[in-house]
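# Coordinate analysis (summary)
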Amino acid sequence: QVQLVESGGGLVQAGGSLRLSCAASGRTFSTYAMGWFRQAPGKEREFVAGINWSGGYTNSADSVKGRFTISRDNAKNTVYLQMNSLKPEDTAVYYCAAGRTMVPDSEKYDHWGPGIQVTVSS
């Protein structure tokens, strides 16, 4: 079992940056692939980025490529999402999730954080 808690969200102007963190409890964090998802009002939850257990492989949605970077520190049981050049359309609740594979399918993730709001003003 692993419990996840996101932090680092907030309000930022377009073009700005934020770094989200997701702290995990438990000693099995390093065995999980991790993902970031987001859900905007009135829209379905969508995949943002994923990273494998070691951090050696990552993938991301086309909408955030070149702007967002996922990384992890297994010694700190934490996964990060560095978000640069933020746009108003990035406004959403962001969730981190733990699963056995870093695919974009949310159903493949077993554990979820409660989510954190990111708001980008124009």
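Notes on the structure in this doc start here.

Thresholds, definitions, all that
- Residues numbered from 1 in each chain as written.
- Predicted model: local features only at pLDDT ≥ 70, side-chain atom pairs only at ≥ 80, totals over all residues.
- Heavy atoms only, no water.
- Core = buried A, V, L, I, M, F, W, Y, C linked by side-chain atoms within 4.5 Å.
- Buried < 20%, exposed > 50% of the residue type's maximum accessible area, 1.4 Å probe, protein only.
- Helix = DSSP H or I, 4+ residues; strand = E, 2+ residues; numbered from the N terminus.
- Contact = heavy atoms within 4.5 Å.
- Polar contact = N/O pair within 3.5 Å; in protein donor to acceptor, adjacent residues only side chain to side chain.
- Pairing = 2+ DSSP bridges.
- Axes fitted to C-alpha atoms, helices over the stretch in contact; angles between N-to-C directions.
- Disulfide = S-S within 2.5 Å.

### Examining the nonpolar core
Membership of the largest hydrophobic core comes to 30 residues, with the highest contact counts inside it found for Met34, Trp36, Leu81, Met83 and Tyr94. Listing elements by their share of this core, those giving two or more residues are β3 (18-24), β4 (33-39), β5 (46-51), β7 (68-73), β8 (78-83), β9 (92-99) and β11 (116-121). Setting aside chain neighbours within four positions, we find Met34 in contact with Leu4, Cys22, Phe29, Ala49, Gly50, Ile51, Ile70, Arg72, Val79, Ala97, Ala98 and Tyr109. Counting six residues, the second largest nonpolar core, distinct from the first, contains Ala33, Phe37, Ala97 and Met102.

### Brief notes about the side chain of Asn77
Relative to the helices and strands, Asn77 is located in the loop between β7 and β8. When its relative accessible area of 19% is taken as the criterion, Asn77 is described as buried. Among the polar contacts listed, one links the side chain of Asn77 to the backbone oxygen of Gly26, at a separation of 2.9 Å. Each residue touching Asn77, except ones within four places of it in the same chain, is listed here: Cys22, Ala23, Ala24, Ser25, Gly26 and Phe29.

### Brief notes about the sheet that holds β8
If you walk across this open sheet you meet the four strands as β1-β3-β8-β7, and the pairing is antiparallel. Lying at the two open borders of the sheet, with one neighbouring strand each, are β1 (4-7) and β7. Going from strand to strand, the sheet's axes swing by 15° on average, the running direction of each strand aside. The pairing of β1 with β3 spans four bridges and is classified as antiparallel. Across the sheet, Glu6 pairs through a bridge with Cys22, a residue of β3.

### Examining the state of the cysteines
Summed over all chains, the structure comprises one disulfide. Residue pairing for Cys22: its cysteine sulfur links by disulfide to Cys96, the two sulfurs lying 1.9 Å apart. Given an S-S torsion of about 50°, the disulfide between Cys22 and Cys96 has right-handed geometry. Here the residue Cys22 occupies a position in strand β3, and Cys96 occupies one in strand β9, the gap between them amounting to 74 residues. An identical accessibility class is assigned to Cys22 and Cys96; each is buried.

### A few points about the environment of Ser54
Structurally, Ser54 can be placed in the loop between β5 and β6 (58-60). Put simply, Ser54 and Arg72 are 18 residues apart on the chain and 8.1 Å apart in space, counted from C-alpha to C-alpha. A polar contact of 3.2 Å, which involves the side chain of Ser54, links it to the backbone nitrogen of Gly56.

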